[in-house]
Amino acid sequence: MKKEKRALVISGGGSKGAFAGGIAKFLIEDKQYNYDIILGTSTGSLMVIHLALEKIKELHKLYTTIKQRSIFSNNPFKIRKIHGIEVIGIRHLNTMWNFINKRKTFGESKNLRKFIKKNISKTDFEKIKKSDKEVIVTVSNLTTNQIEYKSINDCSYEDYCDWIWASCNYVPFMSLLKKNNYEYADGGFGCLVPIAEAIDKGATEVDVIILETETEHVNRLPSLNPFSLLSTVMEFMLDQVESQNVAIGKLKAKQNNVQLNLYYTPTILTTNSLIFNKKKMAQWWQMGYEYAKEKDNIKAK
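Since the model is a prediction, treat every value here as computed from it, not as a measurement.

Calculation notes
- Residues numbered from 1 in each chain as written.
- Predicted model: local features only at pLDDT ≥ 70, side-chain atom pairs only at ≥ 80, totals over all residues.
- Heavy atoms only, no water.
- Helix = DSSP H or I, 4+ residues; strand = E, 2+ residues; numbered from the N terminus.
- Rg over C-alpha atoms; globule rule 2.2 N^0.38 Å.
- Buried < 20%, exposed > 50% of the residue type's maximum accessible area, 1.4 Å probe, protein only.
- 1 Å grid on protein atoms, 1.4 Å probe; cavity = no way out; pocket = protein on both sides within 12 Å on 5 of 7 lines; lining within 4 Å.
- Points joined across faces, edges and corners; volume = space filled by probe spheres on them.
- Salt bridge = Lys/Arg side-chain N within 4 Å of Asp/Glu carboxyl O.
- Pairing = 2+ DSSP bridges.
- Right-handed = clockwise from strand over helix to strand, strands pointing away.
- Contact = heavy atoms within 4.5 Å.
- Core = buried A, V, L, I, M, F, W, Y, C linked by side-chain atoms within 4.5 Å.
- Polar contact = N/O pair within 3.5 Å; in protein donor to acceptor, adjacent residues only side chain to side chain.

Enquirer: I'd like a rundown of the overall build of the protein chain, residues and numbers included.
Expert: In terms of helices and strands, the protein chain carries eleven helices and ten strands. In terms of C-alpha radius of gyration, the protein chain reaches 18 Å, essentially the compact-globule figure of 19 Å for 301 residues. Along the three orthogonal principal directions, the C-alpha set of the protein chain runs to about 60 × 45 × 35 Å. The buried share of the protein chain, reckoned over its 301 residues, is 54%.

Enquirer: Go over empty space enclosed by the protein, please, and point to the residues and values.
Expert: Left-over empty space is what a probe sized like a water molecule reveals as it rolls over the atoms. Applying the stated rule across the entire model yields four cavities of 30 Å³ or more. What the largest cavity holds in volume is close to 350 Å³. Lining of the largest cavity is provided by 27 residues; of these, Gly13, Gly14, Ser42, Asp186 and Ser273 occupy positions nearest its centre. Elements represented by at least two residues in the lining of the largest cavity include exactly helix H2 (43-52) and helix H10 (226-255). Looking at the lining of the largest cavity element by element, the count peaks at three residues for H10.

Enquirer: Could you give an account of the pattern of salt bridges, with specific residues and numbers?
Expert: One pass over the full model with this rule turns up 16 salt bridges. The partner of Lys16 in a salt bridge is Glu212, with the nearest N and O atoms 3.0 Å apart. Residue Lys16 is located in the loop between strand E1 (6-10) and helix H1 (17-30), and its partner Glu212 is located in the loop between strand E9 (205-210) and H10; the two are separated by 196 residues in the primary sequence. Neither Lys16 nor Glu212 differs from the other in exposure class; each is buried. Note that Lys201 and Glu134 form a salt bridge whose closest N and O atoms lie 3.4 Å from each other. Of the two residues, Lys201 is situated in the loop between helix H9 (195-200) and E9 and Glu134 in strand E5 (residues 134-141); the sequence distance between them amounts to 67 residues. When salt bridges that share partners are traced, they join Arg113, Lys117, Glu158, Asp159, Asp162 and Lys179 into one network.

Enquirer: How would you sum up the pairing of strand E2 (residues 37-41)? Please name residues and give values.
Expert: Two faces, one strand: in a regular strand the side chains alternate between the faces of the sheet. Taking burial as the measure, the five residues of E2 include five buried ones, the bulk of the element. Of the two faces of E2, the one lined by Ile37, Leu39 and Thr41 and the one lined by Ile38 and Gly40 are each fully buried. Alignment of E1 against E2, held across four bridges, turns out to be parallel. The residue bridging Leu8 from the neighbouring strand is Ile38, located in E2. At this point the chain moves from E1, through H1, to the parallel E2, and the crossover so formed is right-handed. Sheet analysis places E2 next to E5, joined by five bridges and oriented parallel.

Enquirer: Describe unusual backbone geometry, with residues and values.
Expert: With an omega of 10°, the peptide bond running from Val171 to Pro172 counts as cis. Following the sequence through the fold, Pro172 ends up in the loop between helix H8 (157-168) and strand E7 (177-179). Of note, the phi angle at Ser42 is positive, near 55°, even though the residue is not glycine. By the secondary structure assignment, Ser42 is in the loop between E2 and H2. Unlike most non-glycine residues, Asn145 shows phi in positive territory, near 65°. The residue Asn145 is located in the loop between E5 and strand E6 (146-151) in this model. Exposure remark for Asn145: the relative accessible area of 72% places this residue in the exposed category.

Enquirer: An account of helix H3 (residues 56-65) is needed here, citing residue identities and associated values.
Expert: Inspection of H3 places Ile56, Leu59, Leu62, Tyr63 and Thr64 among the buried residues, and these make up the whole buried set. Along its buried surface, H3 packs onto H1, H2, helix H6 (110-119) and helix H11 (278-300).

Enquirer: Any details on the nonpolar core? Residues and values, ideally.
Expert: Counting 68 residues, the largest nonpolar core has Ile49, Leu51, Tyr63 and Tyr160 as its most contacted members. Leu51 has contacts with Leu8, Ile10, Ala24, Ile28, Ile38, Ile56 and Leu59, leaving out every residue within four places of it along the chain. Of all hydrophobic cores here, the second largest spans 21 residues; its members include Leu192, Val193, Ala203 and Val206.

Enquirer: Go over the environment of Asn261 with me, naming the residues and quoting the values.
Expert: Looking at where Asn261 falls in the secondary structure, it is placed in strand E10 (residues 259-264). The class for Asn261 is buried, based on a relative accessible area of 7%. Separated by 139 residues in sequence, Asn261 and Lys122 place their C-alpha atoms 32 Å apart. There is a polar contact of 2.9 Å between the side chain of Asn261 and the side chain of Glu205.

Here it is in structure tokens:
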């Protein structure tokens, strides 16, 4: 008889990861689910270590104190409001500096690498490695044109910090990781919602947090500059990747008799997940918790 395994999958979504944190808090603390497998892509990869150790308070602090400066060592964006909506503009001097220095991206996210190491200790890393949990992050290998899943069981501490960083690096706005002669970037470019991988790892029930609404119902503002146009194009492509990932995951779950529990955002949280607003993220965390609680109450009736 197949051993039952419960998995938690967290999609990419930048600052919207705070909403995922609220849902995870409900599932782990209120429902007391014990996860055998935890998979994260992009912002989800930042969460997997804390969730595996059930360090919810520490994760809440992380997602309510992070800011642009925590991520960018060279920030290519300037943020301004148009008709009450935050819109990305270009910091021309910053991007020019990268071009002069022959960098491959518009901005640099070396501060995020430091932030990861500061908030994920080697002690925590070793503790998970000694447990029976499998903790996985998704990265895109741009050199081989493949998605790779990096398990904590196969990595050193420094390597795993690199893989988390790579999974979060939304190129060409953030840094490109060059490792082992390969170039790596955001896992969301190929697999935003790694449901299928959770099932391949033996999960019999999967809780999936998808940081998008279930149906698309937003018209984006007209592009004002090359950055906002590029951002819009990439968001469009990621939406298609997400839809495909979920469709494949649902099919594989049906074929393998796996229970899927999907948690979408009930409303559009932001049209630009690269904007990290501490106040809003604190609100999204609470919204995620209340949403999961309400969903569970409806299910119980």
